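Structural features, examined
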Amino acid sequence: MGEKPFSLLLVDDSRSTAAKLERSLASPEYAPRVVPPGPEVPRLALDVDLVLLCLEPAREPSSDAELALLRRLMDVEGPGRGAPVIVIAPAEARTLRLGALRLGVEVVAEPWDDDELRARMQLAFSAHQVLNTLASQVSELQKLSVLDSLTLLHNHRYFQERLREEFRAAQRYDDALAVILVDLDHFKEINGRYGHSVGDDVLRQVARVLQQSVRETDIVARYGGEEFAVLLPRTPLTGAITVAERMGKELGTLRVGPDSTLRVTASLGISGFPHRTVLSSDQLLLTADEALYRAKREGRNRICLHSPVPLLSSAQRA
């Protein structure tokens, strides 16, 4: 259990069982704290290694009232939350002990054997640690499944899912939503002249610049190859233009390559909702893509805005 004392929360209304437990566990190895059952117990369980919940059957065979606190404790449990629970109940309280077992906790019958109690405590704690480790690993795998391994930005699939979600929300609440597509200019020439390792470094540095240019609530993704996508919830076109110009300015300061003299430029296409030609998330993305290709056709290193008429927004950058 380690050099640090093993912290215990002994929950007992009468304190009689808790007093016996304190005597059984009288050792520098344990640091018990006795509290009565109450609404604060789940919160206190966040800061201990293990909870020993002493249950006394008030109305055997009915155990609903006695198990209510246990259910609240089980609701708290999860990765990094709560602590494992062991129920202490009289040997004759069969219904109560079965109810606790059905909730998935370890049960020790009173009177108990001290060595068996310690063994069950160790087992419950170890099993809880294993479950927490597995849950953390699953969480990490889920995180990795939506990230691009090179840039550590979100990947294409995650962007598409969030685009659909945010578009539905924008429609429902009459909010603005904007998309910026960013495509690096002449990237294949960088790969051909300097090699893929330099090209990968360019992608990583561009990803960092794009991520630093947006809010925490915005989504930046590697859309494919040298193309990136930026989703801006609750952002009108004017706000998206400001973000795009900031990205272009920051990209203009990048110097990459073996001697840090290689400049990076990009073409950007912007589209937004609400707009009379944008009725779905697919159309929002398509119109941003059309604006991006117009920026490419018009000479690259510029920003183009989706519009049904060819007005403004080709913002040339030096």
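In this text, all values refer to a predicted model and were calculated from it rather than measured experimentally.

Brief notes about the side chain of arginine 222
Position of arginine 222 among the secondary structure elements: in strand 7 (residues 219-224). A distance of 3.4 Å separates polar atoms of two side chains, one belonging to arginine 222 and the other to aspartate 148. In this view, arginine 222 contacts Asp148, Leu150, Thr151, Leu153, His154, Asn155, His156, Leu203, Glu227 and Phe228; residues no more than four positions away in its chain are not counted.

Here we look at the sheet that holds strand 2 (residues 30-35)
In space, the 5 strands of this open sheet follow the order 2-1-3-4-5, with parallel pairing throughout. Edge positions in the sheet fall to strand 2 and strand 5 (106-110), since each has one partner strand and no second. This sheet shows a mean twist of 25° between the axes of neighbouring strands, independent of strand direction. Strand direction decides the pairing type here: strand 1 (residues 6-11) and strand 2, joined by 6 bridges, are parallel. Considered in strand 2, the bridge of leucine 9 is made with arginine 33. Of the strands in this sheet, strand 1, strand 2, strand 3 (50-54), strand 4 (85-90) and strand 5 touch helix 1 (residues 16-24), which is tilted by about 135° from strand 3.

Side note on the pattern of salt bridges
This structure, assessed with the given rule, holds 14 salt bridges. With its nearest N and O atoms 3.8 Å apart, the salt bridge here joins arginine 118 to aspartate 115. Here aspartate 115 and arginine 118 lie together in helix 5 (residues 114-145), a separation of 3 residues that amounts to about one turn. Connected via shared salt-bridge partners are Glu106, Glu116 and Arg120.

As for the nonpolar core
If you look at the biggest cluster of nonpolar residues, it comprises 34 residues, and the most contacted ones within it are Ile180, Leu184, Val202, Val206 and Phe228. Secondary-structure elements contributing two or more residues to this core are strand 6 (177-184), helix 7 (187-194), helix 8 (196-212), strand 8 (227-233), helix 9 (237-252), strand 11 (266-273) and strand 12 (302-305). Grouped together as the second largest cluster of nonpolar side chains are 23 residues, Leu55, Leu67, Val85 and Val87 included.

Comments concerning unusual backbone geometry
With an omega of 5°, the peptide bond running from glutamate 110 to proline 111 counts as cis. For proline 111, the location among the structural elements is in the loop between strand 5 and helix 5. With an omega dihedral of 5°, the bond running from phenylalanine 273 to proline 274 counts as a cis peptide bond. Within the fold, proline 274 resides in the loop between strand 11 and helix 10 (281-297). A positive phi angle, near 55°, is found at asparagine 301, a position not held by glycine. Among the structural elements, asparagine 301 can be located in the loop between helix 10 and strand 12. Taking relative accessible area as the criterion, asparagine 301 reaches 15% and is therefore assigned buried.

Some thoughts on the pairing of strand 11
Within strand 11, 8 of the 8 residues are buried, which leaves it mostly tucked inside the rest of the structure. Alternating positions in strand 11 separate into two faces, Ala266, Leu268, Ile270 and Gly272 on one and Ser267, Gly269, Ser271 and Phe273 on the other, with burial throughout. As defined by bridge partners, strand 6 adjoins strand 11 across 8 bridges and the pair is classed as antiparallel. Bridging across to strand 11, isoleucine 180 finds its partner in isoleucine 270. Both strand 11 and strand 12 contribute to a ladder of 3 bridges, which runs parallel. For isoleucine 270, the partnering residue across the bridge sits in strand 12 and is leucine 305. In the classification by handedness, the crossover that spans strand 11, the intervening helix 10 and the parallel strand 12 is left-handed.

Observations regarding the packing of helix 7 against helix 8
Two elements in contact, helix 7 and helix 8, have axes whose closest approach is 7 Å; the angle formed by their N-to-C orientations is 140°. Considering their axes alone, helix 7 and helix 8 lie oblique with respect to each other. Where helix 7 approaches helix 8, its residues Phe187, Ile190, Asn191 and Tyr194 are matched on the opposing element by His196, Val198, Gly199, Val202 and Leu203. Classifying every residue of the contact of helix 7 with helix 8 gives 6 nonpolar, 3 polar and no charged.

A look at a nonpolar patch on the surface
Together, Val130, Leu131 and Leu134 give the surface a local cluster of nonpolar side chains, amounting to about 280 Å² of exposed area. Residue position: leucine 131 is located in helix 5.

Thoughts on helix 10
Under the 1.5 Å per step criterion, the end-to-end length of helix 10 is 25 Å for 17 residues, consistent within 8% with the ideal 24 Å. Along helix 10, the positions that sit buried rather than exposed are Ser281, Leu284, Leu285, Thr287, Ala288, Ala291, Leu292, Ala295 and Lys296. For helix 10, the elements touching its buried residues are helix 6 (156-173), strand 6, strand 7, strand 8, strand 11 and strand 12. After helix 10 finishes, the residue glycine 299 shows a positive phi value of roughly 125°.

Thresholds applied
Residues numbered from 1 in each chain as written. Predicted model: local features only at pLDDT ≥ 70, side-chain atom pairs only at ≥ 80, totals over all residues. Heavy atoms only, no water. Helix = DSSP H or I, 4+ residues; strand = E, 2+ residues; numbered from the N terminus. Polar contact = N/O pair within 3.5 Å; in protein donor to acceptor, adjacent residues only side chain to side chain. Contact = heavy atoms within 4.5 Å. Pairing = 2+ DSSP bridges. Axes fitted to C-alpha atoms, helices over the stretch in contact; angles between N-to-C directions. Salt bridge = Lys/Arg side-chain N within 4 Å of Asp/Glu carboxyl O. Core = buried A, V, L, I, M, F, W, Y, C linked by side-chain atoms within 4.5 Å. Buried < 20%, exposed > 50% of the residue type's maximum accessible area, 1.4 Å probe, protein only. Right-handed = clockwise from strand over helix to strand, strands pointing away. Parallel < 35°, antiparallel > 145°, perpendicular 65-115°, else oblique. Nonpolar A, V, L, I, M, F, W, Y, C, P; charged D, E, K, R; others polar. Patch = residues over 30% accessible without salt bridge, like charges linked within 9 Å, V, L, I, M, F, W, Y side chains within 5 Å. Areas by Shrake-Rupley, 256 points an atom, 1.4 Å probe, with all protein chains shown as cover. Expected span 1.5 Å × (residues − 1).

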